[in-house]
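# Coordinate analysis (summary)
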Amino acid sequence: MFGLFKKKQVTYFSEEEKQLIVQAIQKAEQRTSGEVRIYIESHCRFMDPLMRAAEVFHVLKMTETTARNGVLVYVAMKDRQLAVYGDEGIHAKVGNAFWNMQVQKMLEHFNKNNYAQGIAQIILEIGEALFTHFPYDGKTDKNELPDEIVFGK
């Protein structure tokens, strides 16, 4: 009976778009020890989406990668806010300018309502940066974090 009052989770992407994003994650991670995760929610709880991305990064335990080279792409769909947050290992290599450039590129896609394509493209570009600084080693590397999209509220 109380199930009638449960709020239905909003779906922002079709199954094909979800698959596009997950495939981009898997392709990006094939050539690097780095890890990429995507977190999508309706509203950002903070004024600054980077603060929210940092919070989500820690909740998802992304600091537990061996080389500290995890990257989170955070999007609050209804608030139209987004951020890219990299752990200390990759951040030390690429710096704020790289993350800001990725956000700007995503915004260009989002302004054309190309959300899934924008996210997938940025994942691939982040994958290239991770490959440059943390190339894949078949003897020691493993997939340390899940590849699926995480949907918040």
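Everything numeric here is computed off the predicted structure, so don't read it as measured data. Per-chain numbering applies: the sequence of each chain, read as written, is numbered from 1 onward. The model is predicted, so local features are restricted to residues of pLDDT at least 70 and side-chain atom pairs to those at 80 or more, both for listing and for counting; the totals for chains, interfaces and linings are taken over all residues. To get the side-chain values, all heavy atoms of the structure are used, and hydrogens and water are removed first.

## Section: the pattern of salt bridges
For this document, the term salt bridge refers to a Lys or Arg side-chain nitrogen within 4 Å of an Asp or Glu carboxyl oxygen. On inspection of all chains with the given rule, the structure shows nine salt bridges. Here Glu41 makes a salt bridge to Arg52, at a shortest N to O gap of 2.8 Å. With a gap of eleven residues between them, Glu41 in strand E1 (residues 35–41) and Arg52 in helix H2 (residues 49–59) connect regions that are remote in the sequence. Both residues of the pair, Glu41 and Arg52, count as buried. With its nearest N and O atoms 3.5 Å apart, the salt bridge here joins Arg68 to Glu88. Residue Arg68 is located in the loop between H2 and strand E2 (70–76), and its partner Glu88 is located in helix H3 (residues 88–110); the two are separated by 20 residues in the primary sequence. Here the term buried applies to any residue with accessible area under 20% of the maximum for its type, exposed to any over 50%, and partly exposed to those in between, with areas from a 1.4 Å probe on protein chains only. Residue Glu88 is classed as exposed on the basis of its relative accessible area of 52%. Each of Glu41, Arg45, Arg52 and Glu55 takes part in salt bridges that share partners, so that together they form one network. Runs of H or I in DSSP of at least four residues are treated as helices and runs of E of at least two as strands, each being numbered from the N terminus.

## Here's the deal with the side chain of Asn69
With respect to the helices and strands, Asn69 occurs in the loop between H2 and E2. Given a relative accessible area of 0%, Asn69 falls into the buried group. The definition of a polar contact used here is a pair of N or O atoms within 3.5 Å, where within protein one atom must be able to donate a hydrogen and the other to accept one, and adjacent residues in sequence count solely through side-chain atom pairs. Within the structure, the side chain of Asn69 is placed 3.0 Å from the side chain of Ser33, a separation counted as a polar contact.

## Details of the packing of aromatic side chains
For Phe, Tyr and Trp, where Trp contributes only its six-membered ring, two rings pair if their centres lie within 6.5 Å, and the inter-plane angle classes them as stacked under 30 degrees, edge-to-face over 60, or tilted in between. With the rule as written, the count across this model stands at five aromatic pairs. When the ring of Phe13 is compared with that of Phe151, the centres are 6.4 Å apart and the planes differ by 50°; the resulting orientation is tilted. Placement of Phe13 in the segment before helix H1 (15–29) and of Phe151 in strand E4 (residues 150–151) is noted, with a sequence separation of 138 residues between them. A cation sits over an aromatic face here: Arg31 above Phe131, 3.7 Å from the ring centre. Whether a charge sits over a ring depends on NZ of Lys or CZ of Arg being within 6 Å of the ring centre and within 35 degrees of the ring normal.

## Observations concerning the pairing of E1
Counting buried positions along E1 gives seven out of seven residues, so the element sits mostly inside the fold. When DSSP finds two or more bridges between a pair of strands, those strands are recorded as paired. Sheet analysis places E1 next to E2, joined by seven bridges and oriented parallel. When the sheet's bridge partners are listed, Arg37 is paired in E2 with Leu72. For E1 and E4, the ladder comprises two bridges, and the chain directions are parallel. Residue pairing for E4: Tyr39 is matched across the bridge by Val150.

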